[in-house]
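# Notes for the structure review
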Amino acid sequence: MILLQTIDLSKQFGDVHACDRVNFTVNKGEFLSLVGSNGAGKTSLVNLISGHLAPDSGRILFEGTDVTFARIHERIRAGIARSFQIVNLFDVLTVFDNVALSIFSRERKIVKIAALADLDRDVRREALDVLSQFGLAAKSAVPAGGLAQGERKLLDVALAYALRPKLLFLDEPTSGVSTREKTQIMDTVSSVVRAGAVTAVIIEHDMDVVFRYSDRIVMMHEGKFLADGTPQEIRANKNVANILLGAPLSA
Amino acid sequence: MSILIIQILNSLFYASVLFLIAAGLSLIFGVMRIVNMAHGSFYAVGAFVTAWLVGRAIALGVPAGWTFLLIPVGAAVVALLGIVIEPLLRPFYRRAEEYQLLVTFGLLLILEDVMHLLWGGLPLSADPVMDALPIMRIGGLVYPAYNLVVIGVGVVAALLLWAVIYRTKFGVMLRATSQDRRMASALGLNVGLVYVSAFAIGCFMAGLGGAIIVPTQTAVLGMGIDALILAFVVVVIGGLGSLQGALVGALIVSFVRTAGIQFFPEIELAVLYLIAAVVLLVKPTGLFGTA
């Protein structure tokens, strides 16, 4: 069942085609990896879908509804959330408050904003539950600015997850961490999103991570889709190998 | 001894009013990152509106004791004014500071002219509010009980503001938006609502400062500019954007000023500016500022 579909989605920066008539589909429940070299258009595609960029042309359908020109918070309410390549946490807030903030913003109930934050039992229970799932419950009272890099990456994903998305985009969730931490982060993220029946799309450069965790892999190159298939099919695709090794494409 | 107690009470009275103005200024800067030159004018509008309302109420035969209720009404009118003005300032939040200073200075001039237009050039008084409370005796000296009410309002305002910022959901949103409005927006937070709410609270505090002081002095044109200058001294010392800084800065300015009036009246303001200059040299972010 198709959850998200883009139809001829295009975005150009000067002479550069960040996305060139991209037709992208994400099926419900899958764990999909979006790969490609730097500048291939992966982050631009996610920015277009999450509402951080406006397309030049094309359409975005989410659960059959056109969200091409919906605002960011409308897309979040529809069920599209994302994390960022560069971790953006609220360092002055505690780990708990960072997650609670996601829950508040999801509620968007003006009448409730004057309520005492730490006395809202539902929010407290949910925030601690999310932190437990990401292995961060013990750090809930620590300011986010005091977390180690791997923990910051996990909290960044937890913020997006707390928005209760149907479709979660993760932009390089393991960049800038050690190989050992990569496995821990991906094991955690993968188990949480699968347990929560959340459809996930990750942008990732580490092909070991991509092949290990993905149900499907889509490769982008110069704003277009170059390959789309299971990990086995992508492994066997010579063009993918050539791109990853920097060799010219075969005809 | 009685004189010392009265001087301490005078300092606390003055600190309460200064805190109300400076905390509003700091709150608006902390969230919107805009130094609002018109902030003193909101204080003046609070004073004028309250004095005018008190005058009308007394003329209509309302008992003086009931006119206390017009103090929060005066502050609420300023908050409403803030709700109208904030969206007009929003395009300038991302502009360079010189644009923000020019625009808010222009707003200051407009508000001063509007006050002139509405209430003329003559001072307005709200004496009946103060006269409704008794005069106390401290030792052999007299002291108006109303001043204690002002001190109490300052303490309650500080506690309430602290609770709003550090304990409520809105406070979490406020602090998050203050740190990174782009990320707050990316999380789906209604940043516009946070902006207008923070601006309205800041204006309410300034308006409350004006409303609460006008029974002890008259509302006059230019009072907002005097208040703005002192509020700047407070936030320079305490740190712009810091609630604790506004509180400590207001206390320092008030106690130094009270001592100055008593012991060195000729250079009272110069000493305050000197303290602000020293803080700027030693700790440019102020005692509690972080950036």
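Quick caveat, the model's predicted, so the values are computed rather than measured. (Residues numbered from 1 in each chain as written. Chains lettered and ligands numbered in written order. Predicted model: local features only at pLDDT ≥ 70, side-chain atom pairs only at ≥ 80, totals over all residues.)

### Re the overall build of chain B
Scanning chain B for helices and strands turns up 12 helices and 2 strands. Going from the N terminus to the C terminus, chain B shows its helices and strands as α-α-α-α-α-β-β-α-α-α-α-α-α-α. Here the C-alpha radius of gyration of chain B, 19 Å, is about what a compact globule of 291 residues would show, namely 19 Å. Its C-alpha atoms give chain B principal-axis dimensions of roughly 60 × 50 × 35 Å. Scored against the burial criterion, the 291 residues of chain B give a buried share of 50%. Partitioning the intrachain contacts of chain B with sequence separation of at least 6 by distance along the chain shows that 78% fall at a separation of at least 24. (Helix = DSSP H or I, 4+ residues; strand = E, 2+ residues; numbered from the N terminus. Rg over C-alpha atoms; globule rule 2.2 N^0.38 Å. Buried ≥ 20, exposed ≤ 12 C-beta atoms within 10 Å, placed from the backbone. Contact = placed C-beta atoms within 7 Å.)

### Section: the overall build of chain A
Each helix and strand counted, chain A has 9 helices and 11 strands in total. For 251 residues, the compact-globule estimate of 2.2 N^0.38 gives 18 Å, and chain A sits close to it at 18 Å. Expressed along its principal axes, the backbone C-alpha trace of chain A runs to roughly 65 × 40 × 35 Å. Sorting the 251 residues of chain A into buried and exposed places 44% on the buried side. Considering only contacts in chain A between residues 6 or more positions apart, those separated by 24 or more positions represent 66%.

### Focus on the packing of helix α1 (residues 2–32) of chain B against helix α9 (residues 191–213) of chain B
Residue and element names in this part refer to chain B. Running from N to C, α1 and α9 cross one another at 165 degrees; their axes reach a closest spacing of 8 Å. By the angle class used here, α1 and α9 are roughly antiparallel. Read as a crossing pair, α1 and α9 show a hand that is left-handed. (Axes fitted to C-alpha atoms, helices over the stretch in contact; angles between N-to-C directions. Parallel < 35°, antiparallel > 145°, perpendicular 65-115°, else oblique. Left-handed = near helix turned anticlockwise from the far one by under 90°.)

### As for the interface of chain B and chain A
In this assembly, 19 residues from chain B lie in contact with 26 residues from chain A. For the side of chain B that touches chain A, the element with the highest residue contribution is helix α7 (residues 169–179) of chain B, accounting for 8 residues. In terms of residue class, the side of chain B that touches chain A is made up of 9 nonpolar, 6 polar and 4 charged. (Nonpolar A, V, L, I, M, F, W, Y, C, P; charged D, E, K, R; others polar.)

### Observations regarding the pairing of strand β1 (residues 135–138) of chain B
Put simply, side chains in a regular strand alternate between the two faces of the sheet. Residue and element names in this part refer to chain B. Taken together, the 4 bridges between β1 and strand β2 (residues 141–144) define a ladder with antiparallel strand orientation. Bridging from a neighbouring strand, R137 pairs with V142 of β2. Hairpin connection between β1 and β2: a loop of 2 residues separates the two successive antiparallel strands, and G139 in this loop has a positive phi of roughly 60 degrees. (Pairing = 2+ DSSP bridges.)

### Quick notes on the nonpolar core
Membership of the largest hydrophobic core comes to 174 residues, with the highest contact counts inside it found for A158(A), L18(B), A22(B), A231(B) and V234(B). The leading source of residues in this core is α1(B), at 17 residues. Apart from residues lying up to four places away in sequence, V234(B) is in contact with L18(B), A22(B), A246(B), G249(B), A250(B) and V253(B). (Core = buried A, V, L, I, M, F, W, Y, C linked by C-beta atoms within 7 Å.)

### Re the environment of V240(A)
Residues and elements named next belong to chain A. Positionally, V240 belongs in helix α9 (residues 238–245). In this structure V240 comes out as buried when scored by C-beta crowding, with 22 C-beta atoms within 10 Å. It is 20 Å that separates the C-alpha atoms of V240 and R21, two residues lying 219 residues apart in sequence. Residues in contact with V240, not counting those within four places in the same chain, are M219, A227 and I234.

### What to know about the packing of helix α2 (residues 39–59) of chain B against helix α3 (residues 70–89) of chain B
Residues and elements named next belong to chain B. Axis separation between α2 and α3 bottoms out at 8 Å; the angle between their running directions is 135 degrees. On the basis of their axis angle, the class for α2 and α3 is oblique. As α2 runs across α3, the sense of the crossing is right-handed. Judged by residue contacts, F42, V45, G46, V49, T50, L53, V54 and A57 of α2 engage L70, I71, V73, G74, A75, V77, V78, L81 and G82 from α3.

### Structural notes on the environment of P55(A)
Looking at where P55(A) falls in the secondary structure, it is placed in the loop between α1 (42–50) and β5 (57–62). When sequence neighbours within four positions are dropped, the list of residues in contact with P55(A) reads L9(A), S10(A), K11(A), L48(A) and T68(A).

### As for the confidence of the model for chain B
Looking at chain B as a whole, the pLDDT averages 92, with 100% of positions reaching at least 70. The complex prediction reports pTM at 0.85, with the ipTM value standing at 0.75. (pLDDT = per-residue confidence, 0-100.)

### Details of the confidence of the model for chain A
Within chain A, residue pLDDT values average 88, and 92% of them lie at 70 or more. The least confident element of chain A, judged by mean pLDDT, is α9(A) at 75; the most confident is β5(A) at 96.

### Details of α7(B)
Of all 11 residues in α7(B), 10 are buried; the element is thus mostly enclosed. Within α7(B) the residues assigned to the buried category are K169(B), F170(B), G171(B), V172(B), M173(B), L174(B), R175(B), A176(B), T177(B) and S178(B). Packed against the buried residues of α7(B) are α3 (95–107) of chain A together with α1, α6 (145–167), α8 (181–186) and α9 of chain B.

### Some remarks on the sheet that holds strand β10 (residues 216–221) of chain A
The strands that make up a sheet are held in pairs by hydrogen bonds between backbone atoms, and each pair lies either parallel or antiparallel. Residues and elements named next belong to chain A. Strand order in this open sheet of 6 strands is β7-β8-β9-β4-β10-β11, and the pairing throughout is mixed. Where the open sheet ends on each side, the last strands, each with one partner, are β7 (80–82) and β11 (224–229). In this sheet, neighbouring strand axes are inclined to one another by 20 degrees on average, regardless of whether the strands run parallel or antiparallel. Relative to strand β8 (residues 167–171), β7 runs parallel, the two being bridged by 3 bridges. Paired with I80 across the two strands is L167, which belongs to β8.

### So, unusual backbone geometry
Residues and elements named next belong to chain A. Of note, E63 is a non-glycine position whose phi angle comes to about 50 degrees, a positive value. Of note, E63 is situated in the loop between β5 and β6 (65–66). Although it is not a glycine, E172 sits at a positive phi angle of roughly 50 degrees. With respect to the helices and strands, E172 occurs in the loop between β8 and α6 (179–195). Using a count of 19 C-beta atoms within 10 Å as the deciding quantity, one classes E172 as partly exposed.

### Quick notes on the pairing of strand β1 (residues 2–13) of chain A
Residue and element names in this part refer to chain A. For β1 and strand β3 (residues 25–27), the ladder comprises 3 bridges, and the chain directions are antiparallel. Residue pairing for β3: L4 is matched across the bridge by V26. Inspection of the sheet shows β1 paired to β5 by 5 bridges, in the antiparallel sense. Opposite I7, over in β5, you have R59 as the bridge partner.

### So, the environment of G40(B)
Residue and element names in this part refer to chain B. Mapped onto the fold, G40 is located in helix α2. Judged by C-beta crowding, with 28 C-beta atoms within 10 Å, G40 ranks as buried. For the pair G40 and L228, spaced 188 residues apart in sequence, the C-alpha separation works out to 4.5 Å. Setting aside chain neighbours within four positions, we find G40 in contact with G224, I225, A227, L228 and A231.

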